[in-house]
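The lines below spell out each chain.
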Amino acid sequence: GGALRALCGAGRGLAAGPETHFGFQTVTEAERREKIYQVFESVAKKYDVMNDSMTLGIHRVWKDILMHKMNPSPGTILLDVAGGTGDIAFRFINYVRSARERQLQRKLKNHQNLSWQEISESYQEDKFKLLGDSQVVVCDINKEMLKVGKQKAQHLGYSEGLSWVLGNAEELPFDDDKFDVYTIAFGIRNVTRIDLALEEAYRVLKPGGRFLCLEFSHVSNPLLSRLYDLYSFQVIPVLGEVIAGDWKSYQYLVESIRRFPPQEELKAMIEDAGFLKVDYQNLNSGIVAIHSGFKL
Amino acid sequence: KMAAAVAGNLRRAGWRLWRGRAVVRCQLYSPQRALQASAVLRRVSDEQKEPLASSSQQQFDSHPTDHQPEQKPPGPRPSYTGQGGQESEDYESEEQLQHRILTAALEFVPEHGWTAEAIAEGAKTLGLSVAAAGMFHSDGSELILHFVSQCNTKLSELLEQEQKLVQLGKAEKKSTDQFLRDAVEARLRMLIPYIEKWPQALSILLLPHNIPSSLNLLTSMIDDIWQYAGDQSTDFNWYTRRAVLTGIYNTTELVMMQDSSPDFEDTWRFLENRVADAMNMSDTANQVQSTGEAVVQGLMGAAVTVSNAETSRAVR
């Protein structure tokens with residue numbers, strides 16, 4: 001099924017296929033995929049720096065909130081799609097590590113009447129499972145982004161429970177019912193066929209699994225909206241030129257945010273893919289929103 | 001369809017109890033996140049229905065219209081056992097699935113406490129991912145409220161059965177004080193398997209966002225007991241009855257937290273004395289004073305004593 005779709009997609013592209021958007025331009029689907037690939041290829045090395053400067057570091061808070069909302073227990077298997085430079089993956093590992101520590105502490109507290117020998121033995125066997133069987137798979141379509149991510153992981157010392165896979169969100173290289181949680185942070189905006197990505201997300205999640213999407217969304221407050229527009233269109237591309245030497249990519253970024261469906265529309269799309277208990281949480285009055293759904 | 005719309009509203013309220021009367025009170029049990037209703041009903045109609053699924057679907061639709069205070073407990077609940085993990089997608093509604101998960105989670109409470117971890121373990125036993133625990137509030141409120149409402153339902157069923165026996169002449173009608181003592185004891189005994197972690201649960205129930213729900217559950221349980229007591233002998237008015245029994249129940253519960261006597265003898269003796277005191281208040285002046293005292297006892301003292309109970313249990 002997937003291979004056929006890809007063939008059709010390529011075929012359509014050659015025949016000036018279905019029209020879609022790239023920022024405020026109108027392009028074919030194939031052109032869009034190509035252009036987006038190039039955008040991220042060019043920004044990969046400066047991706048994190050740009051995130052910090054554009055959002056004044058607030059993107060870190062947004063990602064922390066996402067992790068807190070996920071509240072993963074040890075043993076959770078996470079698929080982070082469009083995970084590029086690994087921000088979500090690293091946070092997941094940290095969270096699960098401390099949850100695991102607390103779990104071990106509680107177990108020890110309950111075993112107050114064991115001998116010292118028994119306690120040290122039980123600690124030893126758990127010691128090798130620092131993450132308690134939790135795992136995170138980072139999947140991204142862009143080789144450059146993955147490269148940056150792997151380097152970061154090495155630099156920061158993350159190795160256990162982490163793997164990097166090259167793959168397309170519209171057609172994931174994984175079997176059905178594999179993951180507990182699927183996240184896509186600031187990535188779904190760049191997917192050309194969002195409906196396909198959502199269907200894939202549904203497919204690879206286990207029953208009871210959770211879909212979480214962190215993405216720029218629509219600000220309803222008119223005053224804030226004007227300030228936000230001003231900042232987006234006047235400041236961000238300039239920052240892009242100055243810091244990353246790439247005006248056009250950041251112009252694309254800002255435009256793509258405007259083109260992205262608002263909260264309710266995305267919620268409906270997620271429901272269409274089959275998810276239940278779909279809901280969203282606005283952060284900073286809608287500048288960013290976290291959508292959540294369950295495969296039930 | 002009317003039934004679907006009403007059912008949708010109820011689900012949005014969040015907490016469905018199986019009894020008609022409680023449906024009215026349900027409106028207060030609002031979860032933090034809004035539940036979306038229509039996709040589920042649509043989904044169910046798409047799926048192939050098992051005979052079990054369709055019968056409980058009918059039960060589901062008929063409840064919203066049932067508002068009588070006196071109501072028989074529902075018929076045998078559809079059995080969810082015997083199905084593998086794959087069958088979890090054939091559930092009838094999100095709420096019923098949530099109830100199943102919470103019931104399964106109770107088994108893990110003695111080990112993990114009233115936490116999201118217990119819920120995650122519960123979900124695992126049903127063949128669902130641990131991430132399903134994300135459907136619930138991370139402080140474990142829903143688990144506790146689910147347990148309390150389950151206990152209340154069990155108590156009502158018990159009292160109903162006893163009443164039937166009396167009506168059929170197979171048992172003697174108990175005096176009011178004996179009835180109250182037995183009912184409160186039966187209800188409190190349901191806490192015994194979870195008594196280690198119960199102080200934690202009480203403190204969570206006292207959190208501001210849980211108070212409407214927990215208070216509701218408490219008062220409907222108290223009303224239930226008085227109803228079945230069929231009391232003709234005392235001169236109490238309705239408010240006094242409620243306040244007095246609430247005071248008795250709450251204080252006995254707190255005593256039970258700190259009781260280390262074999263089979264909680266001290267607690268039952270305490271209960272006996274409190275009920276006897278209540279029965280002795282027969283004139284109006286006493287009633288007014290006692291109502292006030294009982295309310296104060298029941299609500300304010302609880303917060304302080306719970307934290308003491310928690311510390312003493314932790315020490316032990």
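Keep in mind that this is a model prediction, so the values were computed, not measured.

Caption draft 1: The overall build of chain B, seen in detail. In terms of regular secondary structure, chain B is built from 14 helices and zero strands. Start at the N end of chain B and walk to the C end: the helices and strands fall as α-α-α-α-α-α-α-α-α-α-α-α-α-α. Here chain B holds 316 residues, and 50% of them are scored as buried. In chain B, once contacts between residues fewer than 6 apart in sequence are set aside, the share between residues at least 24 apart is 74%. Carbon and sulfur atoms make up 55% of the accessible area of chain B, which amounts to about 14,900 Å² in all.

Caption draft 2: Region of interest: the domain arrangement of chain B. Residues and elements named next belong to chain B. By domain assignment, chain B separates into domain 1 (93-138) and domain 2 (140-296). The C-alpha-based centres of domain 1 and domain 2 are spaced at 28 Å. Opposite the 17 residues of domain 1 that make contact, domain 2 presents 16 residues. Taking both sides of the interface into account, the surface hidden between domain 1 and domain 2 amounts to around 1,400 Å²; carbon and sulfur atoms contribute 67%. Interface area lost by domain 1 to domain 2 is led by Leu106, Trp114 and His137, which between them contribute 55%. For the pair domain 1 and domain 2, the number of links is zero salt bridges. Summed over the shared surface of domain 1 and domain 2, the result is eight residue pairs in polar contact (both at pLDDT 80 or more). Elements with a contribution of two residues or more to the side of domain 1 that touches domain 2: α5 (94-105), α6 (109-112) and α7 (116-125).

Caption draft 3: How the structure looks around a nonpolar patch on the surface. Residue and element names in this part refer to chain B. A cluster of nonpolar side chains, namely Leu206, Ile211, Leu215, Val295 and Leu299, defines an oily patch on the protein surface of about 380 Å² accessible area. Residue assignment for the nonpolar patch shows that the elements contributing at least two residues are α11 (211-229) and α14 (284-315). Along the chain, leucine 299 falls in helix α14. Take leucine 299: its relative accessible area is 45%, and that puts it in the partly exposed class.

Caption draft 4: Up close: unusual backbone geometry. Residues other than glycine seldom take positive phi values, yet A:Asn284 does so here, at roughly 50°. The backbone of B:Phe264 sits at a positive phi, close to 55°, despite the residue not being glycine.

About the thresholds
- Position numbers for residues start from 1 in each chain and track the written sequence from start to end.
- As a convention, the first chain written is A and the first ligand written is 1, with the rest following in written order.
- Local features are withheld for residues below a pLDDT of 70 in this predicted model, meaning they are given only at 70 or higher, and side-chain atom pairs are given and counted only at 80 or more; totals for whole chains, interfaces and linings count all residues.
- With hydrogens and water set aside, each side-chain value is computed from the structure's full complement of heavy atoms.
- Counting from the N terminus, the helices are DSSP H or I runs at least four residues long and the strands are E runs at least two residues long.
- Relative accessibility under 20% of the residue-type maximum defines a buried residue, over 50% an exposed one, and the middle range a partly exposed one, all with a 1.4 Å probe and only protein chains included.
- Residue contacts are counted whenever heavy atoms from the two residues lie within 4.5 Å of one another.
- For every accessible area listed, the method is Shrake-Rupley and the probe measures 1.4 Å; residues are considered covered only by the protein chains on display.
- Where each domain begins and ends is defined by an automated method or by a domain database.
- Accessible area that two parts lose when put together, evaluated with a 1.4 Å probe and summed over both, is termed the buried area.
- A pair is scored as a salt bridge if a Lys or Arg side-chain nitrogen falls within 4 Å of a carboxyl oxygen belonging to Asp or Glu.
- Pairing of N or O atoms within 3.5 Å defines a polar contact, subject to two protein rules: one partner must be a possible hydrogen donor and the other a possible acceptor, and residues neighboring in sequence count only if both atoms are side-chain atoms.
- Nonpolar side chains (Val, Leu, Ile, Met, Phe, Trp, Tyr) are joined into patches within 5 Å and like charges within 9 Å, using only residues with over 30% relative accessible area and no salt bridge.

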